[in-house]
Amino acid sequence: QSVLTQPPSASGTPGQTVTISCSGGRSNIESNTVIWFQQLPGQAPKLLIYSNNQRPSGVPDRFSGSKSGTSGFLAINGLQSEDEADYYCAAWDDRMNGFVIFGGGTKLTVL
Amino acid sequence: EVELVESGGGLVQPGRSLRLSCKASGFKFDDYAIHWVRQSPGKGLEWVAGVSWNSGEIRYVDSVKGRFTISRDNAKNSISLEMNSLRHADTALYFCARDMRGGLWGIFDFWGQGTLVTVSS
């Protein structure tokens, strides 16, 4: 069971827009929805986006998600210093009776 | 307030067993699926296992099939992960995470703080 493919790093300056990609395949992203998590240093992950583009209550609307074919995307508008964190995508995979597959994670640096 | 508290981690020798527990509070436990997700030191997240609200659906990542068993006790609002034949590669911080739904969807909306398992001789 391999992982979804994310860029290992991304960066931006305050106020900029950053987009993180997540590449998968037919059995996961194409067939199911994309989920995004944010993990601040030393903390448990936090749900950021689910069902491709839905935000849980409390998540700022600066964070948005989208999906196209076998890829998902997380956009962060108006980048802030507190957005510096690791970001992980995930999706349900339909192979072998089903399992959850994560991306390798993207470390976002706010310059 | 939703809370998930893991326990049971520790140092264990390769080949031995360990049982992790996750105690839930602040929500109607038997309405939700629960999962275990692990993170090796300095590495990414890896889903380990999940159990649906009524234990009717249980799934494992390939690397733990036949060695780990997830179970839940709805009367006690708790989840367990029985880990046998432990390997060095199982060393990780193990998180308990609630699924947003009763079935296995992988939408982990609440997480515990984790319990550390170290497999070493």
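Everything that follows concerns the structure shown earlier in this document.
The text that follows walks through the structure, step by step, so that each part is easy to find. (Residues numbered from 1 in each chain as written. Chains lettered and ligands numbered in written order. Predicted model: local features only at pLDDT ≥ 70, side-chain atom pairs only at ≥ 80, totals over all residues. Heavy atoms only, no water.)

This paragraph deals with the overall build of chain B. Each helix and strand counted, chain B has zero helices and eleven strands in total. Here the C-alpha radius of gyration of chain B, 13 Å, is about what a compact globule of 121 residues would show, namely 14 Å. With the C-alpha coordinates aligned to their principal axes, the bounding extent of chain B is approximately 40 × 25 × 25 Å. Classification of the 121 residues of chain B by burial places 48% in the buried group. Within chain B, counting contacts between residues at least 6 apart in sequence, those at least 24 apart form 56% of the total. Looking at chain B as shown, the accessible area adds up to about 5,300 Å², and 48% of this sits on carbon and sulfur atoms. Counting 14 positive and 13 negative side-chain charges, chain B places the centres of these two groups 6 Å from one another. (Helix = DSSP H or I, 4+ residues; strand = E, 2+ residues; numbered from the N terminus. Rg over C-alpha atoms; globule rule 2.2 N^0.38 Å. Buried < 20%, exposed > 50% of the residue type's maximum accessible area, 1.4 Å probe, protein only. Contact = heavy atoms within 4.5 Å. Areas by Shrake-Rupley, 256 points an atom, 1.4 Å probe, with all protein chains shown as cover. Lys, Arg positive; Asp, Glu negative; His and termini not counted. Charge placed at Lys NZ, Arg CZ, Asp CG, Glu CD.)

Before going further, it helps to spend a moment on the nonpolar core. Of all hydrophobic cores here, the largest spans 71 residues; its most connected members are Phe-102 of chain A together with Trp-36, Tyr-94 and Trp-111 of chain B. No other element matches strand E7 (residues 85–93) of chain A, which puts seven residues into this core. Excluding its chain neighbours within four sequence positions, the residues that come into contact with Trp-111 of chain B are Phe-37, Ala-44, Pro-45 and Phe-102 of chain A together with Leu-4, Val-37, Leu-45, Phe-95, Cys-96 and Ala-97 of chain B. (Core = buried A, V, L, I, M, F, W, Y, C linked by side-chain atoms within 4.5 Å.)

Turning next to the layout of surface pockets. Its boundaries defined by the atoms lining it, the largest pocket holds a volume of some 340 Å³. Along its surface, the largest pocket is lined by 15 residues, and Lys-46 of chain A together with Val-2, Asp-109, Phe-110 and Trp-111 of chain B are the ones closest to its centre. Of all elements in the fold, only strand E4 (46–49) of chain A together with strand E1 (3–7) and strand E10 (108–111) of chain B reach the threshold of two or more residues within the lining of the largest pocket. Top element by residues in the lining of the largest pocket is E10 of chain B. It accounts for three residues. Along the lines of polarity and charge, the residues of the lining of the largest pocket split into nine nonpolar, two polar and four charged. (1 Å grid on protein atoms, 1.4 Å probe; cavity = no way out; pocket = protein on both sides within 12 Å on 5 of 7 lines; lining within 4 Å. Points joined across faces, edges and corners; volume = space filled by probe spheres on them. Nonpolar A, V, L, I, M, F, W, Y, C, P; charged D, E, K, R; others polar.)

Residues and elements named next belong to chain B. Pairing is antiparallel across the open sheet formed by four strands, whose spatial order is E1-E3-E8-E7. Whereas interior strands pair on both sides, the edge strands pair on one side only; in this sheet they are E1 and strand E7 (68–73). Neighbour-to-neighbour, the strand axes of the sheet open up by a mean angle of 15°, direction not taken into account. Where E1 and strand E3 (residues 18–25) come together, five bridges link them in antiparallel fashion. Bridge assignment links Ser-7 to a residue of E3, and that residue is Ser-21. (Pairing = 2+ DSSP bridges. Axes fitted to C-alpha atoms, helices over the stretch in contact; angles between N-to-C directions.)

The pairing of strands in a sheet comes from backbone hydrogen bonds and takes either a parallel or an antiparallel form. Residues and elements named next belong to chain A. In space, the three strands of this open sheet follow the order E2-E6-E5, with antiparallel pairing throughout. Two strands lie at the open edges of the sheet, namely strand E2 (18–23) and strand E5 (63–68), each paired on one side alone. Put simply, the sheet's adjacent strands are angled 20° from each other on average, direction ignored. Strand direction decides the pairing type here: E5 and strand E6 (residues 71–76), joined by six bridges, are antiparallel. Within E6, the residue paired with Ser-66 across the bridge is Phe-73.

Here the focus is the environment of Arg-26 of chain A. Positionally, Arg-26 of chain A belongs in helix H1 (residues 26–30). Every residue in contact with Arg-26 of chain A, bar those within four places of it in the chain, is listed here: Ser-31 and Thr-70 of chain A.

Residues and elements named next belong to chain A. Within the chain, Asn-52 stands out as a residue other than glycine whose phi angle is a positive 75°. Phi at Asn-97 is positive, roughly 70°, even though this residue is not glycine. Among the secondary structure elements, Asn-97 is positioned in the loop between E7 and strand E8 (99–102). Judged by its relative accessible area of 66%, Asn-97 falls in the exposed class.

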